[in-house]
Amino acid sequence: GNSVTQMEGPVTLSEEAFLTINCTYTATGYPSLFWYVQYPGEGLQLLLKATKADDKGSNKGFEATYRKETTSFHLEKGSVQVSDSAVYFCALSKGGATNKLIFGTGTLLAVQP
Amino acid sequence: SAVISQKPSRDICQRGTSLTIQCQVDSQVTMMFWYRQQPGQSLTLIATANQGSEATYESGFVIDKFPISRPNLTFSTLTVSNMSPEDSSIYLCSARQGARYEQYFGPGTRLTVT
């Protein structure tokens, strides 16, 4: 079946460090891929998305490239800030009539000043 | 993007009672969904709320426990029935617009059952 695997956290970085959160997926066909962010005490916000192979999603300095050959969608940011501290969820959607989102387990990022 | 609000934002309930959570979207949407996020866990889809018909439930979730209504294209409710402490979770509503694949989420309802 369809699934998403994320690197386990927590990930602890110093401010201005480089961030990578790994995400790989299992799915038939060509799913759409997403990164959502959940700040403490809040709901999920869509961070970025990619709908086909080699697409790069980007937002707020975060980037992720849809790599079909490695079934990956790793999240990167060149210089993290304390305000980036949150839980990051990778997700996929196969679309279709119901468009279910399948989430990874989430990765907690803690950025220290 | 759609802006989604939920009520209540949090509640503490007694075992055996029921709670109805409301989800309001600021525009008409084709699909609405209800998720559960247990403490420290990822999100699990409970059901898809269909306008004008019964909700479609995922494996492990049943209508008697989680009845859902969707009377129009901007509103849905989820009831958590006959609650037990195991139902303590964050319940999130989401919506999808038209043919777009992304879903937008409400802020969640934090439920504690004692």
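Provided above is the structure to which this section pertains.
Owing to the predicted nature of the structure, the values given are computational and were not obtained by experimental measurement.

The rules we used
Every chain is numbered on its own, with residues counted from 1 as its sequence reads. Going through the entries in the order they are written, you letter the chains from A and number the ligands from 1. The predicted origin of the model limits local features to residues at a pLDDT of at least 70 and limits the giving and counting of side-chain atom pairs to 80 or more, whereas totals for whole chains, interfaces and linings rest on all residues. Excluding hydrogens and water, the side-chain figures rest on all heavy atoms present in the structure. By the convention used here, residues are in contact when the closest approach between their heavy atoms is within 4.5 Å. We define buried area as the total accessible area lost by two parts upon association, computed with a 1.4 Å probe and summed across both. We count a salt bridge whenever a side-chain nitrogen from Lys or Arg sits within 4 Å of a carboxyl oxygen from Asp or Glu. Whenever two N or O atoms come within 3.5 Å, that pair is a polar contact, provided that in protein one can donate a hydrogen and the other can accept it, and provided that, for residues adjacent in sequence, both atoms are side-chain atoms. In this text, helices come from DSSP runs of H or I with a minimum length of four residues, and strands from runs of E with a minimum of two, each type numbered from the N-terminal end. The residue classification treats Ala, Val, Leu, Ile, Met, Phe, Trp, Tyr, Cys and Pro as nonpolar and Asp, Glu, Lys and Arg as charged. All others, Gly included, are polar. For two strands to count as paired, DSSP must find a minimum of two bridges between them. Where helices are involved, their axes are fitted lines through C-alpha atoms of the stretch in contact, as for all axes, and angles between N-to-C directions lie from 0 to 180°. Put simply, a disulfide is two cysteine sulfurs that come within 2.5 Å. Accessibility here uses a 1.4 Å probe with only protein chains present; expressed as a share of the type maximum, an area under 20% marks a residue as buried, one over 50% as exposed, and anything in between as partly exposed.

**Student:** Can you help me understand the interface of chain A and chain B in this one?
**Tutor:** By a widespread convention, an interface's size corresponds to the accessible area lost as its parts come together. Tallying the contact residues gives 21 residues for chain A and 20 residues for chain B. Approximately 1,600 Å² of surface area, both sides summed, lies buried where chain A meets chain B, with 54% of it carried by carbon and sulfur atoms. Our enumeration of links across chain A and chain B arrives at one salt bridge. At the junction of chain A and chain B, the tally comes to five residue pairs in polar contact (both at pLDDT 80 or more). Where the side of chain A that touches chain B is concerned, the elements lending two or more residues are strand 5 (32–38), strand 6 (44–50) and strand 11 (101–103) of chain A. Ranked by residue count, the leading element in the side of chain A that touches chain B is strand 5 of chain A, at four residues. For the side of chain A that touches chain B, the class distribution of residues is eight nonpolar, ten polar and three charged.

**Student:** Please clarify how the sheet that holds strand 7 (residues 68–72) of chain B should be interpreted in this entry.
**Tutor:** Where strands meet in a sheet, backbone hydrogen bonds hold them as pairs that are either parallel or antiparallel. All names here are of chain B. Taken in spatial order, the four strands of this open sheet run 1-3-8-7, and their pairing is antiparallel. Looking along the sheet, the strands with just one partner apiece sit at the ends: strand 1 (4–7) and strand 7. Adjacent strand axes in the sheet meet at a mean angle of 15 degrees when their direction is disregarded. Two elements, strand 7 and strand 8 (residues 75–80), share three bridges in a ladder whose sense is antiparallel. Bridge pairing in strand 8 links Ile-68 to Leu-78.

**Student:** I tried to follow the environment of Tyr-104 of chain B on my own but got confused; where do I start?
**Tutor:** You can see Tyr-104 of chain B is positioned in strand 10 (residues 104–105). The contacts of Tyr-104 of chain B, once residues within four sequence positions are left out, are Leu-46 of chain A together with Ser-1, Ala-2, Ile-4, Cys-93, Ser-94 and Ala-95 of chain B.

**Student:** What's the story with the state of the cysteines in this structure? I'm lost.
**Tutor:** What we call a disulfide is simply a covalent bond connecting the sulfur atoms of a pair of cysteines. Inspection of every chain in the model, using the stated rule, returns two disulfides over all chains. Between the sulfur of Cys-23 of chain A and that of Cys-90 of chain A lies a disulfide, 1.9 Å long from S to S. Around the S-S axis, the bridge from Cys-23 of chain A to Cys-90 of chain A shows a dihedral of about -70 degrees and counts as left-handed. You can see Cys-23 of chain A sitting in strand 4 (residues 23–26) and its partner Cys-90 of chain A sitting in strand 10 (residues 86–93), a full 67 residues away along the chain. Disulfide pairing places Cys-23 of chain B opposite Cys-93 of chain B at an S-S distance of 1.9 Å.

**Student:** Where do I start with the sheet that holds strand 8 (residues 62–65) of chain A in this structure?
**Tutor:** All names here are of chain A. Taken in spatial order, the four strands line up as 3-9-8-7 in an open sheet, and their pairing is antiparallel. Edge positions in the sheet fall to strand 3 (19–21) and strand 7 (56–59), since each of these pairs with one other strand and no more. Each strand of the sheet is rotated relative to its neighbour by a mean of 15 degrees, with strand direction disregarded.

**Student:** Could you clarify how one ought to interpret the pattern of salt bridges in this entry?
**Tutor:** Between side chains of opposite charge, a pair can form when the charged atoms approach closely. All names here are of chain A. Within the structure shown, the criterion is met by five salt bridges over all chains. Close ionic contact of Lys-56 with Glu-63 constitutes a salt bridge, the shortest N to O distance being 3.6 Å. Exposure remark for Lys-56: the relative accessible area of 51% places this residue in the exposed category. Using a relative accessible area of 34% as the deciding quantity, one classes Glu-63 as partly exposed. Note that Asp-84 is salt-bridged to Lys-77, the shortest N-O span being 2.8 Å. When its relative accessible area of 6% is taken as the criterion, Asp-84 is described as buried. When its relative accessible area of 9% is taken as the criterion, Lys-77 is described as buried.

**Student:** I tried to follow unusual backbone geometry on my own but got confused; where do I start?
**Tutor:** The phi torsion of most residues other than glycine is negative, and most of the peptide bonds are trans. Between Gly-9 of chain A and the following residue, Pro-10 of chain A, the backbone shows a cis peptide bond with an omega angle of -5 degrees. Note on placement: Pro-10 of chain A falls in the loop between strand 1 (3–6) and strand 2 (11–14). Note the cis peptide between Lys-7 of chain B and Pro-8 of chain B, where omega equals -10 degrees. Mapped onto the secondary structure, Pro-8 of chain B falls in the loop between strand 1 and strand 2 (10–13). Positive phi outside glycine occurs at Glu-16 of chain A, with the angle close to 80 degrees. Within the secondary structure, Glu-16 of chain A is located in the loop between strand 2 and strand 3.

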